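# Overview (structure and organization)
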Amino acid sequence: MENLNQIFKGIHGDLTEFVDRTSTVLGCPVTLEDAHHQLLSYSIHDDLSDPVRISTIVTRRVPEKIINSLWKEGYMPALLKGSEPIIIPSLNDVEFGTRAAIAIKKNEEILGFIWALQSRDTFTDEQLSFLKFAAKEGKNQLLQAQRKKKRHQEYHQEFLWQLLTGHFQSEERIAQTCLELSITLPTPYSIVVFSFPSDITQNTEKTISYMLSTTQRIKASLYTVDRKRLIILAGAEVQNNFSQDLTEFIEAFILQMKTRFDIAPIQGACGQIYETYIKARNSYDEALYTFS
């Protein structure tokens, strides 16, 4: 294998170039995801993709059923806790081919994941060693993207509080603010509130962000934290049965926070479903009413 220090020289934050060079060295398809399994970049290997990889590329995120399977089989906990690449064998029931994977970390914080789809030959120790090196090199690339994302989140949370407190006087002003902040609001929507057993810490908020980013039951367009409460502006993933999807999301969120992260008891409720955002405060008050 060529000199490791030269492989990623001169990339300067180009995630596509980073993935392409990783793929070239490994000789197999590679995808790069953020900590919430949102696709950041992928290499081109048309003849070596499996259905899961194709779906991830098309939708720009890993299918929820795959994430759930990886948790159930113990692979996600191993990735989150460990610092070495792991081999994940084929999961035939979800059309998931054998992969080598590693988490990209800054200390104990998860920044993202590198996934390498096994080609015709099994992964060698040398390839796995390189994958570990690539994860270290990828850290700086993802830190840059993370800083930019944090600034956007702060603006978006302030906007959500303006909706919840009735700050806006018209739909036109709401639409203009969305345009300025590059926010796309879903229609219809509902405000969902979860009450936690204690104040939500920074670490718990990272867990929450992960859960909201990986769910495909609803669109968690915006969210914020108010001490023990998590407040979400939720839109429909599909237009039919939004009310049922909200109920299923609340139940699944509470269950998975308990089983995956041992956080319980959590209560959840939502307000009525509305079409106009001048009514966001109404939906929020309705959700809070169930806790009184």
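Higher on the page you've got the structure.
What counts, and at which threshold
Residues numbered from 1 in each chain as written. Predicted model: local features only at pLDDT ≥ 70, side-chain atom pairs only at ≥ 80, totals over all residues. Heavy atoms only, no water. Helix = DSSP H or I, 4+ residues; strand = E, 2+ residues; numbered from the N terminus. Rg over C-alpha atoms; globule rule 2.2 N^0.38 Å. Buried < 20%, exposed > 50% of the residue type's maximum accessible area, 1.4 Å probe, protein only. Areas by Shrake-Rupley, 256 points an atom, 1.4 Å probe, with all protein chains shown as cover. Lys, Arg positive; Asp, Glu negative; His and termini not counted. Charge placed at Lys NZ, Arg CZ, Asp CG, Glu CD. Salt bridge = Lys/Arg side-chain N within 4 Å of Asp/Glu carboxyl O. Pairing = 2+ DSSP bridges. Axes fitted to C-alpha atoms, helices over the stretch in contact; angles between N-to-C directions. Left-handed = near helix turned anticlockwise from the far one by under 90°. Contact = heavy atoms within 4.5 Å. Nonpolar A, V, L, I, M, F, W, Y, C, P; charged D, E, K, R; others polar. Parallel < 35°, antiparallel > 145°, perpendicular 65-115°, else oblique.

## A look at the overall build of the protein chain
- Within the protein chain, the secondary structure is distributed over 10 helices and 9 strands.
- Computed over C-alpha atoms, the radius of gyration of the protein chain comes to 21 Å, within 12% of the 19 Å expected from 2.2 N^0.38 for 292 residues, which places it in the range of a compact globule.
- With the principal axes as the frame, the protein chain shows a C-alpha extent of 60 × 35 × 35 Å.
- A buried classification covers 48% of the 292 residues belonging to the protein chain.
- Total accessible area on the protein chain stands at roughly 15,100 Å², and carbon and sulfur atoms take up 46% of it.
- If you average the places of the 31 positive and of the 36 negative side-chain charges in the protein chain, the two averages end up 5 Å apart.

## Observations regarding the pattern of salt bridges
- Here the structure, examined in full by the defined rule, presents 8 salt bridges.
- Where Lys132 meets Glu84, a salt bridge forms, and the shortest distance between an N and an O atom there is 2.5 Å. Of the two residues, Lys132 sits in helix H6 (residues 125-164) while Glu84 sits in the loop between helix H5 (75-81) and strand E3 (86-88), which places them 48 residues apart along the sequence.
- Between Arg227 and Asp199 there is a salt bridge whose closest N-O contact spans 3.9 Å. Placement of Arg227 in the loop between strand E7 (218-226) and strand E8 (229-236) and of Asp199 in the loop between strand E6 (189-195) and helix H8 (202-214) is noted, with a sequence separation of 28 residues between them.
- Residue class for Arg227 comes out exposed when judged on its relative accessible area of 62%.
- Assessed through its relative accessible area of 38%, Asp199 is described here as partly exposed.

## What to know about the sheet that holds E3
- With respect to topology, 5 strands assemble into an open sheet ordered E2-E1-E5-E4-E3, the strand pairing being antiparallel. Lying at the two open borders of the sheet, with one neighbouring strand each, are strand E2 (39-42) and E3. In this sheet, neighbouring strand axes are inclined to one another by 25° on average, regardless of whether the strands run parallel or antiparallel.
- Relative to strand E4 (residues 99-106), E3 is paired through 3 bridges, and the arrangement is antiparallel.

## Notes on unusual backbone geometry
- Between Thr187 and the following residue, Pro188, the backbone shows a cis peptide bond with an omega angle of 0°.
- Take Pro188: it is sitting in the loop between helix H7 (171-181) and E6.
- A cis amide bond links Ala264 with the next residue in sequence, Pro265, at an omega value of -5°.
- You can see Pro265 is positioned in the loop between helix H9 (242-261) and strand E9 (267-270).
- With a phi angle near 70°, Arg60 is a residue other than glycine that sits in the positive phi range.
- Structurally, the position occupied by Arg60 is in the loop between helix H3 (51-59) and helix H4 (64-72).
- The exposure class assigned to Arg60 is partly exposed, which follows from its relative accessible area of 38%.
- Notably, Asn107 is not glycine yet its phi reads approximately 60°, a positive angle.
- Along the chain, Asn107 falls in the loop between E4 and strand E5 (109-117).
- Asn107 sits in the exposed class, given a relative accessible area of 69%.

## Side note on the packing of H4 against H9
- At a closest axis distance of 12 Å, the pairing of H4 and H9 adopts a crossing angle of 35°. Along this stretch, H4 crosses H9, giving a crossing that reads as left-handed. In this structure, H4 uses Ile67, Asn68 and Trp71 to contact H9, whose residues at the interface are Gln256, Arg260 and Phe261.
- Split into classes, the residues belonging to the contact of H4 with H9 amount to 3 nonpolar, 2 polar and 1 charged.

## Section: the environment of Phe130
- For Phe130, the position within the fold is in helix H6.
- Overall, Phe130 belongs to the buried group, its relative accessible area being 1%.
- Note: C-alpha distance between Phe130 and Asn203 (73 residues apart in sequence) is 30 Å.

## Structural notes on the packing of H8 against H9
- Relative orientation of the contacting elements H8 and H9 amounts to 130°, with a least axis distance of 11 Å. Taken together, H8 and H9 sit at an angle that is classed as oblique. As for the relative orientation of H8 and H9, their crossing is right-handed in sense. Contacts between H8 and H9 involve Thr207, Ile208, Tyr210, Met211 and Leu212 on the former and, on the latter, Phe249, Phe253, Gln256, Met257, Arg260 and Phe261.
- Of the residues belonging to the contact of H8 with H9, the class tally is 8 nonpolar, 2 polar and 1 charged.

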